[in-house]
Amino acid sequence: MKIFDIPEDEIRIELGDPAPFDGGKRRELMLAAALGAPVGTRDPVDLALLSAASRKEDLRHFEQTAFTPLEPRLARSIARVRRVGTEEEELIARGEVDAILYLCRADEATRFRAELQAEMRMTRGYRALGIAKAKPEPKGNESWTFMGYIPIRATRHKSTHSEEPADFNYVTVWDWQLRVLHWLSVFLILVLSLTGLLMGSSRFIYGVTQGYSNYLSWLRLTHFVAGWFLLCAAILRIAGLFLASNRFQRWYALFPVKKRDLNNLVQVVQNYLFCRFERPPHYIGHNPLQQIAYTAIFGVGLAALFTGFALYALYAPDHWLLRYFVWFDDLFGVQYLRLAHQLIMWIFLAFIPIHVYLSIRADTVEREGALSSIVSGGRWCRKGTKFEDG
Amino acid sequence: MKDLQQWAEEDTFGDLLKRRGVSRREFLSFCGKMAALIGAGGVFAGSRTAWAQELAGRLEGARRPSVVYLQLQECTGCLESLLRSASTPVEELILEQISLDYNELLMAPSGEAAEQALATAQGKPHLLLVNGSVPLKDGGVYCTIGGRSARDVLERAAANATAVVAIGACAEYGCVQAAAPNPTGAVGVADVIRDRPVVNVSGCPPIAETISATLTYYLAYGRTPPLDGLGRPLFAYGQRIHDKCPRRASFDAGQFAERFDDQNARLGHCLYRLGCKGPATFAPCATIEWNDGLSFPIKAGHPCLGCTERHFYDRMTPFYRRLPGIVVPGIGVEATANTIGVAAVAASVAAVAVHSAATVIAKHRARRAEPESLPLAVLGDRKEADEKDKD
Ligand code: HEM
Ligand code: HEM
Ligand code: SF4
Ligand code: SF4
């Protein structure tokens, strides 16, 4: 029974929590609702009910022997079903709660309770599908029992957001090189932050050694070795910006340079600030806000390297490489360089919660699998979604 | 009659030494000391002994240089330091002789005679030594000598100079006077004399031996010693206090004095946490030490202030803290980087919490705001078109 001019795949049916009456079970109610549907139905609500019930019970155990379609004036349909292999039959009525209650000749109290409840719970556009059952009797003599109702809502969604995996494509976004670099850098930055913090804090130092050791030297050594590795990682990442074949990793994916991206930036920001409910334009790689955030964090990383190596250069101002960092020491003075170096660590540490949050958010709220993408390299993209950089 | 005390034009330095009764032994031990000092920065390859001998040979044959020693905007501390250094007779001689032609503090003539001496000396090729900064603001009125601004005095004296040596932090970049807000617009010699390299003997004041060693080198070789990027003689300023510091072992072990009177301070532990700027300071204090090798601040229990580094008044302060603080704009409260950092991380975590809460609320609202359900066939609704047909 098709009653809308809406393409089927744009209708989304949501079933609320079944509300059984008189101590009935949710599961029975759901089963009855499903069995009350005509055989071979194409109605989306019926399909949803059937699919929900079939998750609990094998519907092949039942067969329908008769069906009285819904009559507009009575606003109910009646199905006659029986369990396969048995003779016992049962009647199931579905329809407006009012109509079903009328059918059941429910007493005042039940009626009042059911109607009130249905009314209260039918917020957010839900409507109640009432269900009753009866033993078959000669015409008109059945005594119907009200089983309860199921909240149902049908809405239209322009782009189908089905949650079924079959509706997703797997797209590879990040090469393994980038992922290795990312996690290597994360590790190095954490090591650098930890050793840096310990280097600057005597409280930890005394707690560990009570003096007499080369504790601080080891900390420094670790810090500097990690610093050199971070330099290598940075060089590789920068080289990758220009050499990578993966276009999501090349330099133009970093900056929101295109006019389109700038426009989208506004929408993305609005979305994050809850000024806008519609989903902002989709990106496979980074959306413009991410582009800015990551470009900025690259900048901070470079600043960490620069200040770090400028401080390190004090050990050997004539060194073939470090000599190029020495001029940096004279720019603001070494003390302020130290200060900047330490502040940069805090920028990283403050960046991590937000960054991780947004990644997890992309996985759970937006269901775009960005978190897993930095591990596995790919992400799930909904079929039919239009990507700005796709 | 010829003044036997003086270094005459035709004399070599060796002649002077003989005449003044300086023994060969004294002379050679001086050369050994200088060789050790100048060689300390690793600037010269080869054995120290050979070097000392070469230095002795060259020094003996050195001719008397004409020297002009200016004192501009300064406190005279540098010259005091220099005068205290006369530890050996030879050093005494060198210092005595270089202040010969013109020096405000040490010269005998005064008034017109002094001006005359300066005019004569700077008319010929000479070595120019400068103490003190050059105030440029307001036409240089903040320091005038004989009615001329410091800049004018300096430029005239430099015109015929064969080498210019800026002695002390004032002459290098302005030192205390140039500290923010630099009311007199003080700059160093190198900012005025731009057409040739200026040797900067850094420090407030420099150790006397670095000054005399620089001059000895000039006497022996007729040119200035190799310099670092900031124009400082590498032999003295190519080494970091921190790398030669007697307390370095406790730095590496992580043993720090936290207060000037705590147990660790008494044990002679590293002063890093009391604000020692040794790790950022290039100076020979830890090797040459002060007052004839008696001691130097860190040895005596006081952190290095970094006085050989440029703008140390602005950049190495607070002297007794490891890191400068950050003045929070508006409130004027000074916070450490770590306070600010912890606050930033807390703010970021809080922002995440708030944003996720807001996400939940927004999702809820968005759901609320969703429209009524579409017509449901199971409830007897029909296509609007059908209903119209019926009517
Ligand atoms: C994300 C990267 C980095 C972080 C988070 C970090 C963090 C820190 C911290 C917290 C300190 C202690 C500052 C203090 O309390 O005085 C420090 C010191 C230092 N870092 Fe790093 N650092 C990083 C990268 C580097 C790199 C790449 C180098 C280069 C080799 C480096 C070299 C140094 C040096 C030489 C010091 C000692 C400064 C001193 O002696 O006071 N750092 N770092
Ligand atoms: C210091 C720590 C971190 C830094 C500096 C950092 C930096 C970055 C950068 C620059 C990117 C962009 C990829 C690229 O172009 O290279 C990125 C992506 C990503 N990072 Fe991190 N990251 C850090 C820590 C983490 C942590 C701890 C996690 C996970 C729990 C994480 C998860 C991700 C994810 C999921 C992406 C992909 C995001 C997307 O595709 O939109 N990151 N990170
Ligand atoms: S450098 Fe220091 S000691 Fe020398 S003149 Fe300037 S203020 Fe005085
Ligand atoms: S006292 Fe100063 S110079 Fe000496 S080891 Fe400690 S920090 Fe370095």
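Residues numbered from 1 in each chain as written. Chains lettered and ligands numbered in written order. Predicted model: local features only at pLDDT ≥ 70, side-chain atom pairs only at ≥ 80, totals over all residues. Heavy atoms only, no water.

So what exactly am I meant to see when it comes to the packing of helix α1 (residues 26–35) of chain A against helix α2 (residues 44–54) of chain A here?
When two helices pack together, their arrangement is given by the angle between the helix axes and by the axis-to-axis distance. Residues and elements named next belong to chain A. Two elements in contact, α1 and α2, have axes separated by 8 Å at closest approach and are oriented at 135 degrees. With respect to their mutual orientation, α1 and α2 come out oblique. In this structure, α1 meets α2 at a crossing whose hand is left-handed. Facing α1, whose interface residues are Met30, Leu31, Ala33 and Ala34, α2 presents Leu49, Leu50, Ala52 and Ala53. Classifying every residue of the contact of α1 with α2 gives eight nonpolar, no polar and no charged. (Axes fitted to C-alpha atoms, helices over the stretch in contact; angles between N-to-C directions. Helix = DSSP H or I, 4+ residues; strand = E, 2+ residues; numbered from the N terminus. Parallel < 35°, antiparallel > 145°, perpendicular 65-115°, else oblique. Left-handed = near helix turned anticlockwise from the far one by under 90°. Contact = heavy atoms within 4.5 Å. Nonpolar A, V, L, I, M, F, W, Y, C, P; charged D, E, K, R; others polar.)

Just checking my understanding: could you explain the confidence of the model for chain B for this structure?
In low-pLDDT regions, the fine details of the predicted coordinates are not to be read closely. Residues and elements named next belong to chain B. Per-residue confidence for chain B gives a mean pLDDT of 83; residues scoring 70 or more make up 88%. Across chain B, the element-wise mean pLDDT spans from 46 in helix α20 (residues 384–390) up to 95 in strand β4 (residues 134–135). A low-confidence stretch, residues 385–391 stays under pLDDT 50, and its non-local contacts, those more than four residues away or across chains, total two contacts. Scored as a whole, the predicted complex attains pTM 0.73, and scored at its interfaces, ipTM 0.75. (pLDDT = per-residue confidence, 0-100.)

Explain the site of ligand 3 here, please?
If you check the shell around ligand 3, you find Glu74, Cys75, Gly77, Cys78, Gly168, Ala169, Cys170, Gly203, Cys204 and Pro205 of chain B and nothing else. Looking at the shell around ligand 3 residue by residue, the classes come out as six nonpolar, three polar and one charged. (Near = heavy atom within 4 Å.)

Which parts of the structure should I look at to understand the pairing of strand β3 (residues 62–71) of chain A?
Moving residue by residue along a regular strand, the side chains alternate between the two faces of the sheet. All names here are of chain A. As paired elements, β3 and strand β4 (residues 76–83) share seven bridges and run antiparallel to each other. Across the sheet, Glu63 pairs through a bridge with Arg82, a residue of β4. The antiparallel pairing of β3 with β4 creates a hairpin that spans four residues between the two strands, and Ala75 there sits at a positive phi of about 55 degrees. (Pairing = 2+ DSSP bridges.)

Just to check I follow, could you spell out the coordination of the iron atom of ligand 1 for this structure?
Tetrahedral coordination by four donors sets the ideal angle at the metal to 109.5 degrees; octahedral coordination by six donors sets it to 90 or 180 degrees. All names here are of chain A. Bound to the iron atom of ligand 1 are the protein donor atoms His223 (NE2) and His341 (NE2), situated 2.0 Å from the metal. Angles of 86 to 178 degrees at the metal separate the six donor atoms of the iron atom of ligand 1, which places the site in the octahedral class. Placement of the pair is His223 in helix α7 (residues 215–243) and His341 in helix α11 (residues 334–364), with a sequence separation of 118 residues. Among the residues examined, His341 registers a relative accessible area of 22% and is labelled partly exposed. (Donors = N, O, S within 2.8 Å, 3.2 Å for Na, K, Ca; no water. Tetrahedral: all angles 85-135°; square planar, octahedral: opposite > 155°, others 65-115°. Buried < 20%, exposed > 50% of the residue type's maximum accessible area, 1.4 Å probe, protein only.)

Is there a simple way to explain the site of ligand 4 in this structure?
All names here are of chain B. Contacts to ligand 4 come from 13 residues, most closely from His242, Cys245, Cys270, Leu271 and Cys276. Listing elements by their share of the shell around ligand 4, those giving two or more residues are α13 (241–244) and α14 (248–253). For the shell around ligand 4, the per-class residue count stands at nine nonpolar, two polar and two charged.

How should the pairing of strand β7 (residues 145–156) of chain A be read in this particular structure?
Residue and element names in this part refer to chain A. With respect to burial, β7 is a largely interior element, 10 of its 12 residues being buried. For strand β1 (residues 11–15) and β7, the ladder comprises five bridges, and the chain directions are antiparallel. Bridge pairing in β7 places Arg12 opposite Thr155. Relative to β7, strand β2 (residues 19–20) runs antiparallel, the two sharing two bridges. Looking at β7, one finds that Pro20 is bridged to Gly148.

In this structure, what is going on with the domain arrangement of chain B? I would like to understand it.
How big an interface is tends to be stated in terms of the accessible area lost upon association of its parts. Residues and elements named next belong to chain B. What the domain assignment reports for chain B is domain 1 (65–237) and domain 2 (242–322). Computed from C-alpha coordinates alone, the two centres of domain 1 and domain 2 are separated by 28 Å. Taken together, the contact pairs 25 residues of domain 1 with 16 residues of domain 2. Both faces combined, the contact of domain 1 with domain 2 buries some 1,600 Å², and carbon together with sulfur accounts for 62% of it. Inspection of the region where domain 1 meets domain 2 yields two salt bridges. Note that Arg310 is salt-bridged to Glu172, the shortest N-O span being 3.0 Å. The interface formed by domain 1 and domain 2 holds seven residue pairs in polar contact (both at pLDDT 80 or more) in total. For the side of domain 1 that touches domain 2, the secondary structure elements donating two or more residues are α8 (169–173), α9 (175–178), α11 (208–221) and α12 (234–237). Residue composition of the side of domain 1 that touches domain 2, by class: 14 nonpolar, seven polar and four charged. (Domains from an automatic or database assignment. Buried area = accessible area lost by both parts, 1.4 Å probe. Salt bridge = Lys/Arg side-chain N within 4 Å of Asp/Glu carboxyl O. Polar contact = N/O pair within 3.5 Å; in protein donor to acceptor, adjacent residues only side chain to side chain.)

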